[in-house]
Amino acid sequence: MSKPNDTHAPISATTLSHISTDPSRKRLFFMSLMAALVGVAGGFAAYGLYELIRLISNAVFYHQFSMTPGLYPANNHLGLWEIPIPIIGALIVGLIAKYGSAKIRGHGLPEAMEAVLFNQSRVAPRVAVLKPTSVALAIGTGSPLEMKYAFPAHDAVGDRCSA
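Residues numbered from 1 in each chain as written. Predicted model: local features only at pLDDT ≥ 70, side-chain atom pairs only at ≥ 80, totals over all residues. Heavy atoms only, no water.

Let's shift gears to the packing of helix α3 (residues 84–100) against helix α5 (residues 125–141). The N-to-C vectors of α3 and α5 enclose an angle of 165°; their axes lie 8 Å apart at closest approach. If you check the angle between α3 and α5, you find them roughly antiparallel. Handedness of the α3/α5 crossing: left-handed. Contact residues: α3 offers I85, P86, G89, I92, V93, I96, Y99 and G100, while α5 offers R126, L130, S134, L137, A138 and T141. Looking at side-chain class alone, the contact of α3 with α5 contains nine nonpolar, four polar and one charged residues. (Axes fitted to C-alpha atoms, helices over the stretch in contact; angles between N-to-C directions. Helix = DSSP H or I, 4+ residues; strand = E, 2+ residues; numbered from the N terminus. Parallel < 35°, antiparallel > 145°, perpendicular 65-115°, else oblique. Left-handed = near helix turned anticlockwise from the far one by under 90°. Contact = heavy atoms within 4.5 Å. Nonpolar A, V, L, I, M, F, W, Y, C, P; charged D, E, K, R; others polar.)

Spelled out as structure tokens, the structure:
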């Protein structure tokens, strides 16, 4: 028999009614539910990014517009034509950064902190689409460059070095 203060006691109608009457518990329950939904949505977004990387990698290295697992860039039969693929990918990402949005440059964490501090946690829809697309394109084509290395003049350290 379980005790009333037992943490493993089953949820009863009195427990749920206590949650619905106490405002602080209601808020805690709502915030926990929202956190769980955001976590699930983030998991789906990460899986979508993973599949987008696979799609781009299969398209450029195997000329197959599919998300078939098991195709690895190292097993392709492009020969020396494999060398310009990361360069072309980096050039396309550079064009996206130049003409799409300058906010896709960098790692993403400073931009997220800036959005939280100055923009009331709002990110422009253009950035929300272009950032994951450019990341998937860079990783899918095998480009080793990050935007801060591709455009050092826009980095704080790069500004000091180029002056």
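Looking at where V60 falls in the secondary structure, it is placed in helix α2 (residues 23–62). Taking the C-alpha atoms as reference points, V60 and G140, 80 residues apart in sequence, are found 8.1 Å from one another. Setting aside anything within four residues of it in sequence, one finds V60 in contact with L78, I85, G140 and T141.

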